[in-house]
Amino acid sequence: MDFMNLFKKTPQPSSPYRLLTWNQKLAAMNLMVVFGGSCSGQPHELDKINHIMSVEGREMGVSGDQVHSARSLFSDMNEMVNALNGANRHALEKLFWAFYCIVAVGKSSQAVLVLLGVYNKLGFSKQECTLILERKTGHKLNEL
């Protein structure tokens, strides 16, 4: 048995977030804040949303303080979406899952419609959004 190989780090797959500009990362994180606003504010919901945002922010290399200070960069949600327009498609797919998870915590059907509207502006059809969810969950949505 080779004990040296036991402690070697396995290379992590590179994140599609590396293909986003700094401004796009800040816009994405600020959109997470917006979608997080769809929850009722219960502590267990906020904990889940904070966890999702922390994981995604860490993967993007964006701290909470940087997200907070970047709020003034975007006057509204449309500016955040415009900043993501033209972003790498794989990164947008990964972001869709994160946004959806945040929206799912709040259980707001209105927030789901807003998310689909955002992704429509980014060039994704409802069918493409459904396929992202099906790939991530491993289930056909019509089977649920």
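Scroll up to find the structure this text is about.
This one's a predicted model, so the numbers in the text were calculated from it and none came from an experiment.

Visitor: Where do I start with the packing of aromatic side chains in this structure?
Guide: Note on aromatic pairs: each is described by the distance of the centres and the angle between the planes. Taken as a whole and assessed by the stated rule, the structure comprises six aromatic pairs. Each ring, one from W97 and one from Y100, has its centre 6.3 Å from the other, and the planes form 25°; the classification is stacked. Remark: Y100 and W97 occur in helix α6 (residues 89–106); sequence separation between them is three residues, near one turn of the helix. Take Y100: its relative accessible area is 28%, and that puts it in the partly exposed class. Here the aromatic residues F35, F96, W97, F99, Y100, Y119 and F124 are joined through ring pairs into a cluster of three or more. Sitting above the plane of the F124 ring, R89 keeps its charged end 3.8 Å from the centroid.

Visitor: Hey, could you run me through helix α2 (residues 22–36) in this one?
Guide: Count 3.6 residues to each turn of an α-helix, and residues three or four apart come out pointing the same way. In this model α2 runs 21 Å from its N-terminal to its C-terminal C-alpha over 15 residues, within 8% of the 21 Å that 1.5 Å per residue would give. The element α2 is largely enclosed, with a buried count of 11 among its 15 residues. For α2, the set of buried residues is Q24, K25, L26, A27, A28, M29, N30, L31, M32, F35 and G36. Where α2 is buried, its residues contact α3 (43–60), α4 (64–69), α5 (77–84), α6 and α7 (109–121).

Visitor: What exactly am I supposed to notice about the packing of α2 against α6 here?
Guide: How two helices sit against one another is set out by the angle between their axes and by the gap between those axes. Remark: α2 packs on α6, axes separated minimally by 9 Å, with the N-to-C direction vectors making an angle of 20°. Judged by the angle between their axes, α2 and α6 are roughly parallel. As α2 packs across α6, the resulting crossing turns out to be right-handed. Contacts between α2 and α6 pair A28, L31, M32, F35 and G36 from the former with L95, A98, F99, I102 and V103 from the latter. The class makeup of the residues in the contact of α2 with α6 is nine nonpolar, one polar and no charged.

Visitor: Sorry, what's going on with α7 here?
Guide: Over its 13 residues, α7 extends 19 Å from the first C-alpha to the last, a length consistent with the 18 Å expected when each residue adds 1.5 Å. Where α7 is concerned, the buried positions are A111, L115, V118 and Y119. Looking down the long axis of α7, one finds its buried residues gathered within 95° of arc, a one-sided arrangement. Facing away from the buried side of α7 by more than 90 degrees, the exposed set consists of S109, Q110, L113, N120 and K121. For α7, the elements touching its buried residues are α2, α5, α6 and α8 (126–137). Just downstream of α7, G123 is the residue with a positive phi angle, here 95°.

Cut-offs applied
- Residues numbered from 1 in each chain as written.
- Predicted model: local features only at pLDDT ≥ 70, side-chain atom pairs only at ≥ 80, totals over all residues.
- Heavy atoms only, no water.
- Phe/Tyr/Trp six-rings, centres within 6.5 Å; stacked < 30°, edge-to-face > 60°.
- Helix = DSSP H or I, 4+ residues; strand = E, 2+ residues; numbered from the N terminus.
- Buried < 20%, exposed > 50% of the residue type's maximum accessible area, 1.4 Å probe, protein only.
- Lys NZ or Arg CZ within 6 Å of the ring centre and 35° of its normal.
- Expected span 1.5 Å × (residues − 1).
- Contact = heavy atoms within 4.5 Å.
- Axes fitted to C-alpha atoms, helices over the stretch in contact; angles between N-to-C directions.
- Parallel < 35°, antiparallel > 145°, perpendicular 65-115°, else oblique.
- Left-handed = near helix turned anticlockwise from the far one by under 90°.
- Nonpolar A, V, L, I, M, F, W, Y, C, P; charged D, E, K, R; others polar.
- Arc of directions from axis to C-beta.

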